[in-house]
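Fold and geometry: a report
So you can see what is in the structure, the chains are spelled out below.
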Amino acid sequence: MASLEEEIKQTSFRTTQNKAIINLLFTSSFIAQKQLQLFRPYGLTIPQFNVLRILRGQYPKESTVNLLIDRMLDKSSNASRIVDKLEAKELVTRKKNPVDRRAVDVFISEKGLEILAKLDIEIANWENKNIQLTDEESRHLNLLLDKFRG
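Reading the values: rules and limits
- Residues numbered from 1 in each chain as written.
- Predicted model: local features only at pLDDT ≥ 70, side-chain atom pairs only at ≥ 80, totals over all residues.
- Heavy atoms only, no water.
- Core = buried A, V, L, I, M, F, W, Y, C linked by side-chain atoms within 4.5 Å.
- Buried < 20%, exposed > 50% of the residue type's maximum accessible area, 1.4 Å probe, protein only.
- Helix = DSSP H or I, 4+ residues; strand = E, 2+ residues; numbered from the N terminus.
- Contact = heavy atoms within 4.5 Å.
- Axes fitted to C-alpha atoms, helices over the stretch in contact; angles between N-to-C directions.
- Parallel < 35°, antiparallel > 145°, perpendicular 65-115°, else oblique.
- Left-handed = near helix turned anticlockwise from the far one by under 90°.
- Nonpolar A, V, L, I, M, F, W, Y, C, P; charged D, E, K, R; others polar.
- Patch = residues over 30% accessible without salt bridge, like charges linked within 9 Å, V, L, I, M, F, W, Y side chains within 5 Å.
- Areas by Shrake-Rupley, 256 points an atom, 1.4 Å probe, with all protein chains shown as cover.
- Salt bridge = Lys/Arg side-chain N within 4 Å of Asp/Glu carboxyl O.

What follows is about the nonpolar core. In terms of nonpolar packing, the biggest core is built from 26 residues, with L44, V51, L52 and L86 touching the most fellow members. Counting only elements with at least two residues in this core, the list comes to α2 (16-39), α3 (46-58), α4 (65-71), α5 (79-88), β2 (104-108) and α6 (110-130). A total of six residues in this core trace back to one element, the largest contributor, which is α6. Dropping the residues within four chain positions of it, L86 is found in contact with L44, Q48, V51, L52, L91 and V92.

With that out of the way, let us pick up the packing of α2 against α6. Remark: α2 packs on α6, axes separated minimally by 11 Å, with the N-to-C direction vectors making an angle of 140°. In terms of axis orientation, α2 runs oblique to α6. Seen along the crossing, α2 lies across α6 with a hand that is right-handed. Contacts between α2 and α6 involve F30, K34, L38 and F39 from the former and L119, E122, I123 and W126 from the latter. For the contact of α2 with α6, the per-class residue count stands at six nonpolar, no polar and two charged.

Another point: a nonpolar patch on the surface. Together, I21, L24, L25 and F148 line one region of the surface with nonpolar side chains, adding up to about 390 Å² of accessible area. Ranked by the residues each element gives to the nonpolar patch, the list is headed by α2, at three residues. The residue L25 is located in helix α2 in this model.

This is the structure:
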């Protein structure tokens, strides 16, 4: 396991907190690259996977684009455009809301559920092989990250 210093060829940091932030950014990028490798065979991006994951959590209930925006990990993503692309891939469907005719309900399709089921297995396999943290260490990391966000 290489240290952050070895990975980015930097020997010193302004403060320990500065190193922690850089380490978080570097680790986030590392995980994103690994996810992209897993998603690429399915033609998915990270934001598209995130929307599918949210829709599966709502399934079989409907979701709105506003609900997706509220729950997305990357708040800067364009949820409407992501839904358009997922609909073109037949991974989601849209229906006019019967109560509010201006609103559109979004549902994950069977095809979307099937892809997520396959990805669940691939992600679990990757995590089991690559995440070198015990359950207790993972709980502690989660507490620290929650604290970090304040």
